[in-house]
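An overview of the molecular structure
Spelled out, the chains give:
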Amino acid sequence: MQDFQYLTVTVYNDPVKMMDGSSWAHLMDRAKAAYPKMSEADLNKKLNHSSTTRDLAVRIFSVEIATTKGDFDMPIGTVAQIDMMKVGLMDYDAYEQAEMEIFQPIHQKVVDSGGKSNWGLIRFISPIGSDTYASHMTVSMFKDYKQALNQNINWGEGATPASTKAMQDGIALRDMKYVYMANLMRKVR
């Protein structure tokens, strides 16, 4: 499945603003921040041109429910590995608990040792349901492709029979749909 080549991510601190679309009223402000040397007329041309040269393949509203700790600022060039999972609606709590209690501490150790920059667990708010492609994603951030392609997580380090079973049970709750790699090309803050 390769329905798109580019991702645009907008981060909100208020889920109502994310859902109601009111932030799009400030699209020109964001365009000016992204292209500070471009005239308003050229920005309008660029915005109008971009809507005619692309197809909005998918729009996902989501919330980050767990993340590793650290001082990661996501510089240009950051590489993301995006793992898309489908979890049954009745299994959300058990799956999320497994990610946070079993997998997040393992990812935190890798972040602490410099093997990756960040990890997060994201739940889709909309769309959801049996016909959707995925319900959750995890995103691992790396400083570059070399770090991403050389990641080496020791999933069995310190494992006990109980933790191994918990890991297997957590994995069984989801269907790994697809893994994407992405490279941060531009950002506006």
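Residues numbered from 1 in each chain as written. Predicted model: local features only at pLDDT ≥ 70, side-chain atom pairs only at ≥ 80, totals over all residues. Heavy atoms only, no water.

1. Focus on the sheet that holds strand β2 (residues 79-87)
The strands making up a sheet associate through hydrogen bonds between their backbones, and the pairing can be parallel or antiparallel. Sheet architecture is open: 5 strands sit in the order β1-β3-β4-β2-β5, paired in antiparallel fashion. Among the strands making up the open sheet, the edge pair consists of β1 (61-67) and β5 (174-183). With strand direction ignored, the average angle separating the axes of adjacent strands in the sheet is 25°. Of the strand pairs in this sheet, strand β3 (residues 118-126) and strand β4 (residues 136-142) are connected by 6 bridges, and their pairing is antiparallel. Counterpart to N118 in the pairing with β4 is M141. Across the sheet, helix α4 (residues 92-112) lies against β1, β2, β3, β4 and β5, angled at about 155° from β3, the strand it touches most. (Pairing = 2+ DSSP bridges. Helix = DSSP H or I, 4+ residues; strand = E, 2+ residues; numbered from the N terminus. Axes fitted to C-alpha atoms, helices over the stretch in contact; angles between N-to-C directions. Contact = heavy atoms within 4.5 Å.)

2. Focus on the nonpolar core
Formed by A80, I82, M84, I122, F124, A134, M137, V139, M141 and Y180, the largest nonpolar core amounts to 10 residues. If you list the elements that add at least two residues to this core, you get β2, β3 and β4. Contact partners of I122, with chain neighbours within four places excluded, come to S62, V63, E64, S135, H136, M137 and V139. Counting 7 residues, the second-largest nonpolar core is a separate cluster that includes A66, M85, Y95 and L121. (Core = buried A, V, L, I, M, F, W, Y, C linked by side-chain atoms within 4.5 Å. Buried < 20%, exposed > 50% of the residue type's maximum accessible area, 1.4 Å probe, protein only.)

3. Some remarks on the confidence of the model for the protein chain
In the predicted model, the protein chain carries a mean pLDDT of 85, and the fraction of residues at 70 or more is 85%. The element-level mean pLDDT for the protein chain is lowest in helix α1 (residues 15-20), coming to 68, with β4 highest at 96. (pLDDT = per-residue confidence, 0-100.)

4. Points about the environment of N150
Along the chain, the position of N150 falls in the loop between α5 (145-149) and α6 (161-172). Classification of N150 as exposed rests on a relative accessible area of 53%. For N150 and G115, which are 35 residues apart along the polypeptide, the C-alpha to C-alpha distance reads 8.5 Å. At 2.8 Å, the side chain of N150 and the backbone oxygen of K146 are in polar contact. (Polar contact = N/O pair within 3.5 Å; in protein donor to acceptor, adjacent residues only side chain to side chain.)

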